[in-house]
Amino acid sequence: MDPEITALAGTAGTTLVTLLTTESWQRIRDRFAALWLRTRSGREIDVAEELEATREELLAARAGGDSDLEADVTAEWQSRIRRLMASHPAAVDDLRALLADYAPSEDPTTTVTQHAVASGSARVYQAGRDMHLKDQP
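Residues numbered from 1 in each chain as written. Predicted model: local features only at pLDDT ≥ 70, side-chain atom pairs only at ≥ 80, totals over all residues. Heavy atoms only, no water.

Draft legend 1. Quick peek at the overall build of the protein. Across its full length, the protein carries five helices and zero strands. N-terminal to C-terminal, the α/β element order of the protein is α-α-α-α-α. Buried residues in the protein amount to 31% of all 137 residues. Contacts spanning at least 24 positions in sequence make up 66% of the contacts within the protein whose residues lie at least 6 apart. (Helix = DSSP H or I, 4+ residues; strand = E, 2+ residues; numbered from the N terminus. Buried < 20%, exposed > 50% of the residue type's maximum accessible area, 1.4 Å probe, protein only. Contact = heavy atoms within 4.5 Å.)

This is the structure we're talking about:
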């Protein structure tokens, strides 16, 4: 199988499953169902229903403390998306466009990475933006 399709399906499956448990779940469900519609006419209702069932399963698993289910469901959807893309290569661009709408911002001002190591009686102060300290006597 094409490694690019495999990587794209991996990203899509992870994104899909992650968003199913957020407020964006209806929108992502509808977008993936529409993708299936463009590739397999008549399957969009089944896919939308399967995504709703997946969401309910994920929410119940989280409530019950089952942390393994999310990985299983992610792998399942990655596989389904990979097979769909392999059988309908024309849909790859549609999938990329769909994922681009959910990609994190690449604005470097929104990302803050900090790392500090202190030893002995050292103090470390970190802030993502402004920090105002008053000298202590």
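Draft legend 2. Broad picture of helix H1 (residues 3–19). The end-to-end C-alpha distance of H1, which contains 17 residues, comes to 24 Å, matching closely the 24 Å that a straight helix rising 1.5 Å per residue would cover. Buried residues of H1: Ile-5, Leu-8, Ala-9, Gly-10, Ala-12, Gly-13, Thr-15, Leu-16, Val-17 and Leu-19, and no others. Its side-chain oxygen 2.9 Å from the backbone nitrogen of Glu-4, Asp-2 forms the N-cap of H1. (Expected span 1.5 Å × (residues − 1). Polar contact = N/O pair within 3.5 Å; in protein donor to acceptor, adjacent residues only side chain to side chain.)

Draft legend 3. Representation of the pattern of salt bridges in the model. For the structure on display, the rule yields eight salt bridges. Among the ionic pairs, Asp-30 bridges to Arg-29, the shortest N-O distance being 3.0 Å. By relative accessible area, Asp-30 is classed as partly exposed at 42%. A salt bridge links Arg-96 to Asp-93, with the shortest nitrogen-to-oxygen separation between them at 3.2 Å. Here Arg-96 and its partner Asp-93 are both found in helix H5 (residues 92–100), three residues apart, which amounts to about one turn of the helix. Given the relative accessible area of 32%, Arg-96 is considered partly exposed. Exposure remark for Asp-93: the relative accessible area of 53% places this residue in the exposed category. (Salt bridge = Lys/Arg side-chain N within 4 Å of Asp/Glu carboxyl O.)

Draft legend 4. Structural view of H5. Among all positions of H5, only Val-92, Leu-95, Leu-98 and Leu-99 are buried. For H5, the arc enclosing every buried residue in end-on projection is 120°, short of the 170-degree limit, so these residues lie on one face. Exposed side chains of H5 directed beyond 90 degrees from the buried face belong to Asp-93 and Ala-100. Looking at the buried positions of H5, the neighbouring elements they touch are H1, helix H2 (25–39) and helix H4 (68–87). (Arc of directions from axis to C-beta.)

Draft legend 5. Examining the packing of aromatic side chains more closely. Evaluation of the coordinates by the stated rule reveals one aromatic pair. With 6.1 Å between their ring centres and 90° between their planes, Trp-36 and Trp-77 make a pair best called edge-to-face. Of this pair, Trp-36 sits in helix H2 while Trp-77 sits in helix H4, and the two are 41 residues apart along the sequence. Of the two residues, Trp-36 and Trp-77, both sit in the buried class. Residue placement shows Arg-80 over the ring face of Trp-77; its charged tip is 4.1 Å from the ring centre. (Phe/Tyr/Trp six-rings, centres within 6.5 Å; stacked < 30°, edge-to-face > 60°. Lys NZ or Arg CZ within 6 Å of the ring centre and 35° of its normal.)

What is shown is where atoms sit, not what they do.
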